[in-house]
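Here's the letter readout for the chains.
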Amino acid sequence: MKRTMRYGKDDVWVYRTYAAPLTGVRSIPESAFTGRSNILFGMNVKVAVEGDAFLSSFKDGDNTLVVATDSMKNFILKHAGDYQGSTQEGFLEFVARRFLETYPHMSAVDISSEQIPFDELQVPTKGSFEPSPLVFRYSLNEQSVASVEVKRSGEEIITADHLSSLKGLKLLKVRGSSFFGFVKDEYTTLPESYDRPLFIFLNIGWRYHDFEGARGSTKDGYVAAEQVRDIAYTVFHEENSPSIQNLIYRIGLRILNRFPQLVEVRFESNNRTWETVLDEIPASQEGKVFTEPRPPFGFQCFSMTREDLENPGESPT
Ligand SMILES: O=c1[nH]c(=O)c2[nH]c(=O)[nH]c2[nH]1
């Protein structure tokens, strides 16, 4: 069995101002997103390095080849200034390759980051409203996340794996979701629901056929987390769902359809459906009162590939 041996630094907060703007994004019907100014490019980075050469540091206390994790932090921050590109994925790959170029005894670098979201704010400009190029608002909403694995293959350095994601998207649909027809046995207490207020937490991951797209330097190659978010809520809006299982499947089909450059989409969803307190409110046609659900919470995990587009299943009515 291969031994686990890696070390690194977590929580390296990087803020770069005026990174190259992201342009050349494929426009899709579900989203008004066309690019990012990257006036603020912020990430919380985690890096882990591997290499047989580090065994003696664990075994014999020999630090001769140990690159201090404090130095790794400085390395990442310094390279944030050198990065010429416009995407989180591209930055991670750039830094990871630089680690291997600089330290020949490292054999692989696993690097990931969460974007620190700062939203644009509309300010009055020449009779209308436009995003301020100066002031941004720290956001507690969903984040885009990326991970990249770079390693040696003979004399070469290769980008061996990657995943881009959107983490912590929280969506509520007030009506148009049901859940019925499930197994009824002596353990069942859940009533069937024909119109529930569906509150879901979603993590969505996607993988490119060719990492080139993730670097953001090819026309129509990049898939922005904003577009994935917009597809997710558009599908939720447009389609009635018989379950979260089917809802995420439908979102996955739409994402794969829109972005031929992706080979895989994966989901982790969490059910936070509100508890109904008042089913009818006197003098109100439609209103109800709900409260937060109590734990435990249900979840779904599902991954999809382009093969799912060939046999997509029935559309719910
Ligand atoms: O969309 C749902 N899927 C389930 O599998 C499930 N199970 C449950 O109790 N509620 C729900 N909702």
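What comes next concerns the included structure. (Residues numbered from 1 in each chain as written. Predicted model: local features only at pLDDT ≥ 70, side-chain atom pairs only at ≥ 80, totals over all residues. Heavy atoms only, no water.)

## What to know about the site of the ligand
As a structural note, the neighbourhood of the ligand is formed by Phe-179, Leu-190, Arg-196, Ser-243, Ile-244, Gln-245, Asn-271 and Gln-300. Take Ile-244: an N or O atom from its main chain is 2.7 Å from an oxygen atom of the ligand. Against a free-state accessible area of 290 Å², the protein chains account for coverage of 69% of the ligand. More than half of the atoms of the ligand fall within 2 Å of the grid points belonging to the largest pocket. For the shell around the ligand, the per-class residue count stands at three nonpolar, four polar and one charged. (Near = heavy atom within 4 Å. Polar contact = N/O pair within 3.5 Å; in protein donor to acceptor, adjacent residues only side chain to side chain. Areas by Shrake-Rupley, 256 points an atom, 1.4 Å probe, with all protein chains shown as cover. 1 Å grid on protein atoms, 1.4 Å probe; cavity = no way out; pocket = protein on both sides within 12 Å on 5 of 7 lines; lining within 4 Å. Sits in = over half its atoms within 2 Å of the grid points. Nonpolar A, V, L, I, M, F, W, Y, C, P; charged D, E, K, R; others polar.)

## A word on the packing of helix 4 (residues 225–238) against helix 5 (residues 244–258)
Two elements in contact, helix 4 and helix 5, have axes separated by 9 Å at closest approach and are oriented at 130°. Considering the angle they form, helix 4 stands oblique to helix 5. Between helix 4 and helix 5 lies a crossing of right-handed hand. Note on element contacts: helix 5 touches helix 4 through Leu-247, Arg-250, Ile-251, Arg-254, Ile-255 and Arg-258, opposite Val-228, Ile-231, Ala-232, Thr-234, Val-235, Phe-236 and Glu-238. Of the residues contributing to the contact of helix 4 with helix 5, the split by class is eight nonpolar, one polar and four charged. (Axes fitted to C-alpha atoms, helices over the stretch in contact; angles between N-to-C directions. Helix = DSSP H or I, 4+ residues; strand = E, 2+ residues; numbered from the N terminus. Parallel < 35°, antiparallel > 145°, perpendicular 65-115°, else oblique. Left-handed = near helix turned anticlockwise from the far one by under 90°. Contact = heavy atoms within 4.5 Å.)

## Describing the layout of surface pockets
Approximately 980 Å³ is the volume attributed to the largest pocket. Looking at the largest pocket, it is lined by 34 residues, and the ones nearest its centre are Ser-193, Arg-196, Pro-197, Thr-273 and Trp-274. Among the elements of the structure, helix 5, strand 10 (275–278) and strand 12 (299–305) are those that each provide at least two residues to the lining of the largest pocket. Across the lining of the largest pocket, the residue classes tally to 13 nonpolar, 10 polar and 11 charged. In this structure, the second largest pocket encloses a volume near 660 Å³. As for the second largest pocket, its lining consists of 27 residues, and the residues nearest its centre are Arg-36, Gln-115, Phe-118, Asp-119 and Glu-226. Secondary structure elements with two or more residues in the lining of the second largest pocket: strand 2 (40–50), strand 4 (118–125), strand 6 (143–153) and helix 4. Here the element with the most residues in the lining of the second largest pocket is strand 2; it accounts for four residues. In the lining of the second largest pocket, the residues fall into 11 nonpolar, 10 polar and six charged. Residue contributions to the lining of the second largest pocket reach at least three from each of two domains, namely domain 1 (6–164) and domain 2 (167–314). (Points joined across faces, edges and corners; volume = space filled by probe spheres on them. Domains from an automatic or database assignment.)

## Details of the sheet that holds strand 3 (residues 108–115)
On the basis of which strands lie adjacent, the open sheet formed by eight strands has the order 1-2-3-6-7-8-9-12 and antiparallel pairing. Whereas interior strands pair on both sides, the edge strands pair on one side only; in this sheet they are strand 1 (7–17) and strand 12. Taken over all neighbouring pairs, the strand axes of this sheet differ in orientation by 15° on average, direction set aside. As paired strands, strand 3 and strand 6 are joined by seven bridges and run antiparallel to one another. (Pairing = 2+ DSSP bridges.)

## So, the pattern of salt bridges
Considering all chains together, one arrives at 26 salt bridges under this definition. Arg-258 serves as the salt-bridge partner of Glu-30, at 2.7 Å between the closest nitrogen and oxygen. Linking Glu-30 in the loop between strand 1 and strand 2 with Arg-258 in helix 5, this pair joins segments that are 228 residues apart in sequence. Overall, the relative accessible area of 9% leaves Glu-30 in the buried class. Asp-161 is paired through a salt bridge with Arg-207; the nearest N and O atoms lie 2.6 Å apart. One end of the pair, Asp-161, is in strand 7 (residues 156–173); the other, Arg-207, is in strand 8 (residues 198–208), and 46 residues separate them in sequence. On the accessibility criterion, Arg-207 (15% relative accessible area) is buried. When salt bridges that share partners are traced, they join Glu-30, Glu-238, Glu-239, Arg-254 and Arg-258 into one network. (Salt bridge = Lys/Arg side-chain N within 4 Å of Asp/Glu carboxyl O. Buried < 20%, exposed > 50% of the residue type's maximum accessible area, 1.4 Å probe, protein only.)

## Overview of a nonpolar patch on the surface
Together, Tyr-18, Leu-134 and Val-135 give the surface a local cluster of nonpolar side chains, amounting to about 380 Å² of exposed area. Looking at the secondary structure, you find Val-135 in strand 5 (residues 128–138). (Patch = residues over 30% accessible without salt bridge, like charges linked within 9 Å, V, L, I, M, F, W, Y side chains within 5 Å.)

Any functional reading would require information that these geometric values do not contain.
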